Protein chains: 2
Amino acid sequence: MNTRQLTELAQQLRVDSIRASTAAGSGHPTSSMSAAELMAVLLARHLRYDFDRPQHPGNDRFVLSKGHASPLLYSAYKAAGAISETELMTYRKHGSRLEGHPTPRRLPWVETATGSLGQGLPVGVGIALAEKRLDRTGYRVWVLCGDSELAEGSVWEAAEHASYEHLDNLVAIVDVNRLGQRGPTRHGHDLDAYARRFAAFGWHTIEIDGHDVDAVDRAYGEAESTRAQPTVILARTLKGKGVESVQDREGLHGKPLKDPDEGIAELGGVRDIRVEVPGPPAARMLHAVRTGHLELPRYEIGEEVATRNAYGQALAALGTARGDIVALDGEVSDSTRAEFFAKEHPERFFECYIAEQQMVAAAVGIAARGWLPYASTFAAFLTRAHDFIRMASVSGSGINLVGSHAGVAIGQDGPSQMGLEDLATLRAVHGSTVLYPCDANQTAKLVGAMAGLDGIRYLRTSRGETPVIYSPTEEFEIGGSKVLRASDSDRLTVVAAGVTVHEALKAAEALDGEGIQVRVIDLYSVKPVDHRTLREAAERTGCLLTVEDHHEEGGLGDAVLGAFLDGRPVPRLVRLAVRTMPGSATPEEQLHGAGIDAESIAAAGRLLVEHAIVR
Amino acid sequence: MNTRQLTELAQQLRVDSIRASTAAGSGHPTSSMSAAELMAVLLARHLRYDFDRPQHPGNDRFVLSKGHASPLLYSAYKAAGAISETELMTYRKHGSRLEGHPTPRRLPWVETATGSLGQGLPVGVGIALAEKRLDRTGYRVWVLCGDSELAEGSVWEAAEHASYEHLDNLVAIVDVNRLGQRGPTRHGHDLDAYARRFAAFGWHTIEIDGHDVDAVDRAYGEAESTRAQPTVILARTLKGKGVESVQDREGLHGKPLKDPDEGIAELGGVRDIRVEVPGPPAARMLHAVRTGHLELPRYEIGEEVATRNAYGQALAALGTARGDIVALDGEVSDSTRAEFFAKEHPERFFECYIAEQQMVAAAVGIAARGWLPYASTFAAFLTRAHDFIRMASVSGSGINLVGSHAGVAIGQDGPSQMGLEDLATLRAVHGSTVLYPCDANQTAKLVGAMAGLDGIRYLRTSRGETPVIYSPTEEFEIGGSKVLRASDSDRLTVVAAGVTVHEALKAAEALDGEGIQVRVIDLYSVKPVDHRTLREAAERTGCLLTVEDHHEEGGLGDAVLGAFLDGRPVPRLVRLAVRTMPGSATPEEQLHGAGIDAESIAAAGRLLVEHAIVR
């Protein structure tokens, strides 16, 4: 395509963006119009992509970080012949694949869900990393960003990560249209302001007029030939470009044109240009991934082992058995024990430094390319990446997250380091799995099982050593539980997980000595939860006492309730959880102070049973 | 103090850091030792602070962003005479004020809880903003950062915010000791790498040898005389400086010295130098804050008003009545309606652009200076700031958070924009209050009530219009609820909040027409929850059906359970919530698709009652 044709294609993308958003009655035509040339030139001249085979290992990857400009993306799909005119007109309608913000759940050409700003570039870095260090099939990652979203710190975590890893296969294109949702951005059309920042972070920078197709073409070419560093193209554009009534004007963000026909006429009317997007070179092949027999670590019953240690050892073993396993960590691998994997499989370990958003984003990007990531940090610090986890779920991304140092049981370090809301956060993620093992063999088995699940999988590990109570041959079903003590004369069931399992067992032993029989359930699968076993225990013992090293909201106790929402009678429920703000203290003092140690469980059990509060 | 005395003081801080962490058996002496000169010179020569009157409006403010270096902070407190030698030796022990990471809950001289890295500078920006735009008492904010934490994107959100607001009263001191927890940082001792980044973000930069007390002194002086931009001092230091066996060595992060006596001897032994820290100038006075009568907006019953509109209008009114109210927004004030406040009180409105972490951090900093912030963005995007909210709770900070565009009810924009986990997230925050109004008058009253609460207060607002059902004179207790329909023949209670209240009322009307009487409770106070009313409804009707525009975990349904954990019988509970991943559709289609509209509620109610599942 020559200059004139590229310009025409850009106009078509504008017109189609207007038409789609007009048909929908909502959407973002003006944010689409600013980037029309940027998209047209990419599609026609630089992107190597086989729309019929979106999973082709050699395909370039395109990420629309400014996800609200979806009309532009869908108009480009139409121009490339991937979707029809009819489908384009279903934009934002019930049942349409063309959602307000693109997601890979619906569309095979979308790499990651966007719409929460500042996430496309971080995930793009993950994809580029996968190419550079794992796939090595030569594809390039193109990310179209808005200027507003450069205010997100996650963008600068990504910028740092990309330059440190010399990702010259990554191109960030910034549509600097100067206007955010509410009004002008901080830097307006000051391209230099952005260029200084990216250059300082080690990027190659190019500043252009984003409406000049030849300049855009040259910039893309320069990016393609830049070595050893990522490139950012800062393109000066106008929001709503080409239609006088909306061009470069405030107050029109996210609004269809008032007079679309006039706008379309001003842009030269409807066109039907079809772009032949060149496919990837045939030679680009994905190398086969090795799989072998999984030899998980085995621990002796009675041995004292921290579950975080078992995590690291099991992950290293899993990495040996399967070549598609990768690990990421947020500069705490000596604490999370991801270091065991890093030592055995350095080529598949990604150090993300103290940048949890980028760690999760990189995992999402790597997973998008078919690898299976395990990303770890302290459970408390996964909260930093909550929005990325949420969006990973919107993507339908299959990633494993591991949060260590759960609960008050960590001891002296105090509340800033304690994961006390992670069960609530991760349970509330759509389609997630939440696991909380209490011993080393169980941890190892669950690390293996996580690999076979869909969606977001979360494993909660503990800092301190706990006794091994399960044999290495014991199996742990996802959605299951283990009844650790049971008799026909049980008068109460204690439901625990992780560190509180051991406290519950001690409490049950003590109560047994007083003639009070107590059932103990290890609810290692917090989501999904074992309805059957909980219901049976409730019917046999009448009352469930849940005990968790977590805040009282949204954790184990609430998960147990989930087993009793079928309209049948609900057992009496009593919950022990962390209700106060802990300070520094020994692990034992912390568990006692929070009222979740053996003594507290026994006291609560005694009260419930002896004072006939239950039965 | 002269050079020799400053050097001696620095050695004392090192020795005391070793002694405190040795007594504790844990802690971070090496991370403290690298910054000893930085702290000594600040304390003795530059900080203006009255330790006897920590709330003095003219005091400078010091934030230890690298919170794990708490031994250094506490040693400085000892040197300043604020704590005793005896108290210093209680470090990290049960009941001590000297926690592993400092918090203002325990210590009056701590501005904000740290320990989650990359948060001290963002909060420091908030405090500096409060000085610049609200207090104007001339104090300076000093933030001591680690080098590792500069990998956090939040630091760059803060950097952008500080330079944009010309915060020349802010000094970031970076202890570049080259070693993180696990090993070397990305940039090691390359001070230029950091300087380039900060300079690009608009900061004045100074590079020094952090162990040269004269250089440190000159740098602080240069920072004090720099105008119109914030200053960062990049100090080259050695971790564990001064003790050969630990100095500049890997693998010693967070570990007390193996041979403390030898280390102390190497540092010249124990000293007892007392520093006279100069107080603030007497002339610095806080100007009085105006308070007047609150005239909340009033809405007519039957009027259609979005609760987000009522939020904006009520906040503007609150701002008129009270001079201490400030508002912050993440570049979506036209959506959250914080714009109404911004228009009426521009001097107290803080535009934070698309940087939610920084928005919450700024709120925490502003609140630390006695102002009352309301910070708003889409509920979905508050997830971005989850770790900051968590740490605000550790601080005991009193801030108001407002999340708009809750639930699937937003319609076409799709899941990336829908707050569907915010109730779970915010409920799990220690000491939080969670409110979810269903009409405009209720919203207005709750906006006013929030101002009088402690801790983190969260208000969830809706995008679409809903009918006003309450009179402007109705009162809404925090921890209360409203029974909207009740009769002696109720066979079921529907518990709803926000948008589902209106669906529940429609469903109850429909069921009433079929001869099924249903009680409806508006549970606007999701936390704390109204035990009494829920218990009474349960006893009268036997079954509670909860319905919420939120994922099924951790939200309204779990909150209702919280009313039944006293060991007494639990009613049958059935929950309607969002269980699928929504796409784009109209609000009505979304509510129906999620099974939380009137029709779905009626169907569930009918099933429960007619099929005798209840009663």
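Owing to the predicted nature of the structure, the values given are computational and were not obtained by experimental measurement.

Enquirer: Break down helix α23 (residues 598–610) of chain B for me, citing the residues and quoting the values.
Expert: With 13 residues, α23(B) should reach 18 Å at 1.5 Å per residue; the first-to-last C-alpha distance of 17 Å fits that figure. Where the residues of α23(B) are buried, they touch β15 (492–496), α19 (499–513), β18 (543–551), β19 (572–578) and α22 (587–593) of chain B.

Enquirer: So what's going on with the pattern of salt bridges? Residues and values would help.
Expert: Side chains that carry opposite charge are capable of pairing whenever their charged atoms lie near each other. Tallied over the full model, the rule gives 80 salt bridges over all chains. Where Arg568(A) meets Asp566(A), a salt bridge forms, and the shortest distance between an N and an O atom there is 3.1 Å. Residue classification places Arg568(A) among the partly exposed residues on the basis of a relative accessible area of 42%. On the accessibility criterion, Asp566(A) (39% relative accessible area) is partly exposed. Two residues, Arg322(B) and Asp324(B), come together in a salt bridge whose shortest N-O distance is 2.8 Å. Take Arg322(B): its relative accessible area is 26%, and that puts it in the partly exposed class. Residues participating in the shared-partner salt-bridge network are Asp16(A), Arg19(A), Lys78(A) and Glu85(A).

Enquirer: Any details on the packing of helix α6 (residues 120–135) of chain B against helix α7 (residues 153–164) of chain B? Residues and values, ideally.
Expert: Residue and element names in this part refer to chain B. Two elements in contact, α6 and α7, have axes whose closest approach is 8 Å; the angle formed by their N-to-C orientations is 20 degrees. Taken together, the axis directions place α6 and α7 in an arrangement best described as roughly parallel. Judged by the twist between their axes, the crossing of α6 over α7 is left-handed. Across the interface between the two elements, Leu 121, Pro 122, Val 125 and Leu 129 from α6 touch Ser 154, Val 155, Ala 158, His 161 and Ala 162 from α7. Taken together, the residues of the contact of α6 with α7 break down into seven nonpolar, two polar and no charged.

Enquirer: An account of the UniProt feature "domain: Transketolase-like pyrimidine-binding" (unreviewed entry) in chain A is requested, with residue identities and associated values reported.
Expert: Here, UniProt's "domain: Transketolase-like pyrimidine-binding" (unreviewed entry) annotation points to residues 305–468 of chain A. Here residues 305–468 of chain A runs as 42% helix and 20% strand, with 7 Å between its end C-alpha atoms.

Enquirer: Before we move on, can you summarise the relation of the copies chain B and chain A with the specific residues and values?
Expert: Under the fitted operation, chain B is carried onto chain A by 0.0 Å of movement along the axis and a turn of 180 degrees, and the coordinates agree to an RMSD of 0.0 Å. Read as a symmetry element, the transformation amounts to a two-fold axis. The position closest to the rotation axis in chain B is occupied by the C-alpha of Gly153(B), lying 1.8 Å away. Same-surface contact between copies: 100% of interface residues of chain B are shared with the interface of chain A.

Enquirer: With reference to specific residues and values, describe the side chain of Asn59(B).
Expert: All names here are of chain B. With respect to the secondary-structure elements, Asn 59 resides in the loop between α3 (36–46) and β1 (61–64). For Asn 59, the side chain forms a polar contact with the main-chain nitrogen of Asp 50, separated by 2.9 Å. Filtering out sequence-adjacent residues up to four positions away, Asn 59 remains in contact with Arg 48, Tyr 49, Asp 50, Arg 53, Pro 54, Tyr 139 and Pro 280.

Enquirer: An account of the environment of Leu573(B) is needed here, citing residue identities and associated values.
Expert: Mapped onto the fold, Leu573(B) is located in strand β19. For the pair Leu573(B) and Ala195(B), spaced 378 residues apart in sequence, the C-alpha to C-alpha distance is 59 Å. Discounting chain neighbours no more than four positions away, the residues touching Leu573(B) are Leu561(A), Phe564(A), Leu565(A), Asp566(A), Gly567(A), Val570(A), Leu544(B), Val560(B) and Leu561(B).

Enquirer: Outline the pairing of strand β3 (residues 170–176) of chain B, listing residues and values.
Expert: Residue and element names in this part refer to chain B. Summarising burial for β3: seven of the seven residues are buried, a large majority. Burial along β3 is two-sided: Leu 170, Ala 172, Val 174 and Val 176 facing one way and Val 171, Ile 173 and Asp 175 facing the other are all buried. Bridging between strand β2 (residues 141–146) and β3 involves six bridges; their strand directions are parallel. Each residue of the ladder has a partner; that of Val 141, found in β3, is Leu 170. For the crossover from β2 across α7 to β3, the handedness is right-handed. Of the pairings in the sheet, the one linking β3 to strand β5 (residues 231–236) comprises six bridges and is parallel in character. Its bridge partner being in β5, Val 174 is matched across the sheet by Leu 234.

Enquirer: If you had to explain the interface of chain B and chain A to someone new, which residues and values would you point to?
Expert: Taken together, the contact pairs 102 residues of chain B with 102 residues of chain A. Summing both sides of the interface, chain B and chain A together bury roughly 8,600 Å²; the carbon and sulfur share of this comes to 51%. With its nearest N and O atoms 3.8 Å apart, the salt bridge here joins Arg427(B) to Asp558(A). Counting the contacts that link chain B with chain A gives 57 residue pairs in polar contact (both at pLDDT 80 or more). Along the lines of polarity and charge, the residues of the side of chain B that touches chain A split into 33 nonpolar, 37 polar and 32 charged.

Enquirer: I'd like a rundown of the nonpolar core, residues and numbers included.
Expert: Counting residues in hydrophobic clusters, the biggest one holds 274 residues, and the most contacted among them are Tyr374(A) and Tyr374(B). Aside from chain neighbours lying at most four places away, what touches Tyr374(A) is Tyr311(A), Leu315(A), Leu318(A), Ile325(A), Val326(A), Ala327(A), Leu328(A), Asn400(A), Val402(A), Val447(A), Met450(A) and Ala451(A).

Enquirer: Explain the sheet that holds β1(B) to me, using residue names and the numbers behind them.
Expert: Residues and elements named next belong to chain B. The strand order across the open sheet formed by five strands is β1-β2-β3-β5-β4, and the pairing between neighbours is parallel. Every other strand in the sheet has two partners, leaving β1 and β4 (204–209) as the edge strands with one partner each. The average undirected angle you get between the axes of adjacent strands in this sheet is 20 degrees. Each of β1, β2 and β3 touches α6; the most contacted strand, β2, lies at about 170 degrees to it.

Enquirer: Run through helix α8 (residues 191–200) of chain A, naming residues and quoting values.
Expert: Counting buried positions along α8(A) yields seven of ten residues, so the element is predominantly enclosed. Regarding α8(A), the residues found buried are Leu191(A), Ala193(A), Tyr194(A), Ala195(A), Arg197(A), Phe198(A) and Ala200(A). Those residues of α8(A) hidden inside the fold are in contact with α7 (153–164), β3 (170–176), β4 (204–209) and β5 (231–236) of chain A together with α7 and α8 (191–200) of chain B. Of the residues trailing α8(A), Gly202(A) is marked for its positive phi of about 95 degrees.

Parameters at a glance
Residues numbered from 1 in each chain as written. Chains lettered and ligands numbered in written order. Predicted model: local features only at pLDDT ≥ 70, side-chain atom pairs only at ≥ 80, totals over all residues. Heavy atoms only, no water. Helix = DSSP H or I, 4+ residues; strand = E, 2+ residues; numbered from the N terminus. Expected span 1.5 Å × (residues − 1). Contact = heavy atoms within 4.5 Å. Salt bridge = Lys/Arg side-chain N within 4 Å of Asp/Glu carboxyl O. Buried < 20%, exposed > 50% of the residue type's maximum accessible area, 1.4 Å probe, protein only. Axes fitted to C-alpha atoms, helices over the stretch in contact; angles between N-to-C directions. Parallel < 35°, antiparallel > 145°, perpendicular 65-115°, else oblique. Left-handed = near helix turned anticlockwise from the far one by under 90°. Nonpolar A, V, L, I, M, F, W, Y, C, P; charged D, E, K, R; others polar. UniProt positions renumbered as here; feature names shortened; annotations may be inferred. Least-squares fit on C-alpha atoms with pLDDT ≥ 70 in both. Polar contact = N/O pair within 3.5 Å; in protein donor to acceptor, adjacent residues only side chain to side chain. Pairing = 2+ DSSP bridges. Right-handed = clockwise from strand over helix to strand, strands pointing away. Buried area = accessible area lost by both parts, 1.4 Å probe. Core = buried A, V, L, I, M, F, W, Y, C linked by side-chain atoms within 4.5 Å.

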